[in-house]
Amino acid sequence: MASIKREIKDTINLTETHIVPSLPHPIRLQEYGVGLFKSALTKSALKKALKKNHITVNERIATSATLINGGEHITISIPKDINPTHTLIFPLTVLFEDDYLAALHKPAGILVSGNTFKTMANALAQNIKRSTRYDAARPQPVHRLDFATTGILLAGKTSSSIRALNQLFEAKTIHKTYYAVNIGDMEAEGTITSNIDDKPSQSHYKVLESVASKRFDTLNLVRLKPLTGRRHQLRKHLYSINHPILGDKDYGITNLILKGKGLYLHAYSLSFNHPFTNETIHLKDDFPKRFKKLFPSKIAEIMANNTSHL
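The present account deals with the structure reproduced in this document. (Residues numbered from 1 in each chain as written. Predicted model: local features only at pLDDT ≥ 70, side-chain atom pairs only at ≥ 80, totals over all residues. Heavy atoms only, no water.)

### Side note on the nonpolar core
For soluble globular proteins, the rule of thumb is that nonpolar side chains tend to be buried together. So the rule is basically this: Residues grouped as a nonpolar core are buried Ala, Val, Leu, Ile, Met, Phe, Trp, Tyr and Cys residues, joined through side-chain atoms within 4.5 Å. With a 1.4 Å probe rolled over the protein chains alone, any residue whose accessible area is under 20% of its type maximum counts as buried; one over 50% counts as exposed, and the rest are partly exposed. Should any heavy atoms of two residues lie within 4.5 Å, those residues are counted as being in contact.
With 43 residues, the main nonpolar core has Leu 224, Leu 246, Leu 265 and Phe 291 as its most contacted residues. If sequence neighbours within four positions are ignored, Leu 246 has contacts with Val 181, Asn 182, Ile 183, Phe 216, Leu 219, Leu 258, Gly 262, Leu 263, Tyr 264 and Leu 294. Val 20, Val 57, Ile 78 and Leu 270 belong to the second largest nonpolar core, which has 34 residues in total.

And the structure:
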C-alpha cells in the first residue's frame, strides 16, 4: 500500500489554461498554441499533447484539426512525474529585447535546446523580461546554432511572435551572416551547392583575409551566407571543398584537426523586418577573442561597419 501511495503522490496533472482573445481570422490550434503552454512549448510537443488527448477547447477534447476563432477556453493537462527541482543559473548577454522578441549571445559549449538540463532554452527566462502582451509565453529559440558555435540567437517572447519568426525563417527573409576561420588556399569567392539529408542546400562564401600558418599553411577569415538552413550546413559545405573550419572535430581533415581551442564559427549578424513594429532590425554580436588574435585589423574593420554583406 505504501508504494501505491508513493506513486500517487509522485504524479500530478500539470494544468494550464488560456482564454483566446479576438482574432482577425481562424487558426488551427496546433499553430496558435505554439509557445503558449510551458508543458508543451514546441510545435512537436503540442502535436504530441493533442494526439494524447491532453488538450481541451471549451471542455471538448481538441484534435490537430481544431480551429480557434477567438473567445475559446483552452486547457492543457499533462501527467507529470514529480522530481527534485533544479534551477539553471546561466547569465547571458542580451543584444536586443522588446515586448515581442529578444536576441542573445550564445556562448560555445551549450545546446540551444534538447533533453539536457543546460540549454539556452532553459536559460532564456532568467535573462530576459516577460512580455506584457496578451499572449505572453515562455521565451523560445526560433532557430538553431550548433553546440560549439557562438553568436546571435533569436527567441520569441509571445506565441504570436514565435509563429511569426518561424514563418520569416521559412520564407528566408531573415538574413544571417557568419564568419569562420578555415584551412588552406582557396578561391576568393564562391557558392557551394549540394544536397544535405536529401534536401537542396546552398551557401555563399567570401575570403576577407588570409594569413600564413606553420601547421595549416594558410588560415582564412571567411564571410558566410547560408541561403538554406540545413543541419551543420556551413561546416559540411566547407569540408566538401576541402577547406574545413578550424577546430571542427566532426568535419575536419584528420591530421589538421585543432583540438582544445573550440570551433572557429561565429553567427555574427541577423537582419530582418520586425514582424510587429515593421522596423528594420540589424543585430551584431562581437567576435570571440580567438578570432581577433588571428585577424585583428580585419575584424576591427568589420566591427566598425554598420552592415555586413557579401
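The rest of the description comes next.
### Some points on the side chain of Asn 182
What counts, and what does not: Under the scheme used here, helices are H or I runs from DSSP no shorter than 4 residues and strands are E runs no shorter than 2 residues, and both carry numbers assigned from the N terminus. Think of a polar contact as two N or O atoms within 3.5 Å of one another; within protein, one of them needs to be a possible hydrogen donor and the other a possible acceptor, and neighboring residues in sequence only count if both atoms come from side chains.
Note that Asn 182 resides in strand β11 (residues 175-183). Here His 243 takes part through its backbone oxygen, which lies 3.2 Å from a polar atom of the side chain of Asn 182. Excluding residues that lie within four positions of it along the chain, Asn 182 makes contacts with Thr 218, Leu 219, Asn 220, Val 222, Leu 238, His 243, Pro 244, Ile 245 and Leu 246.

### Overview of the pairing of strand β14 (residues 217-226)
Rule in force here: Each pair of strands is called paired provided DSSP finds at least two bridges between the two strands.
With respect to burial, β14 is a largely interior element, 9 of its 10 residues being buried. Across 6 bridges, the pairing between β11 and β14 is antiparallel. Within β14, the residue paired with Tyr 179 across the bridge is Arg 223. Direction of pairing for strand β13 (residues 199-213) relative to β14: antiparallel, over a ladder of 10 bridges.

### Observations concerning the pattern of salt bridges
Which entries qualify depends on this criterion: For this analysis, a salt bridge means a side-chain nitrogen from Lys or Arg found within 4 Å of a carboxyl oxygen belonging to Asp or Glu.
Going through the model one piece at a time under the given rule, you end up with 8 salt bridges. A salt bridge links Arg 235 to Asp 250, with the shortest nitrogen-to-oxygen separation between them at 3.1 Å. Separated by 15 residues along the polypeptide, Arg 235 in helix α6 (residues 233-240) and Asp 250 in the loop between α6 and β15 (265-273) bring together distant segments of the chain. Classification of Arg 235 by relative accessible area gives buried; the value is 6%. We classify Asp 250 as exposed; its relative accessible area is 56%.

### A word on helix α3 (residues 43-51)
We apply this condition: By construction, the arc corresponds to the directions joining the helix axis to the C-beta atoms.
Those residues of α3 that sit buried are Leu 46, Ala 49 and Leu 50. Buried residues of α3 fall within an arc of 100 degrees about the axis and therefore sit on the same side. Every exposed residue of α3 that faces more than 90 degrees away from the buried side is listed here: Ser 44, Lys 48 and Lys 51. Two residues or fewer after α3 comes Asn 53, characterised by a positive phi angle close to 65 degrees.

The quantities given are spatial measurements derived from coordinates; they are silent on function.
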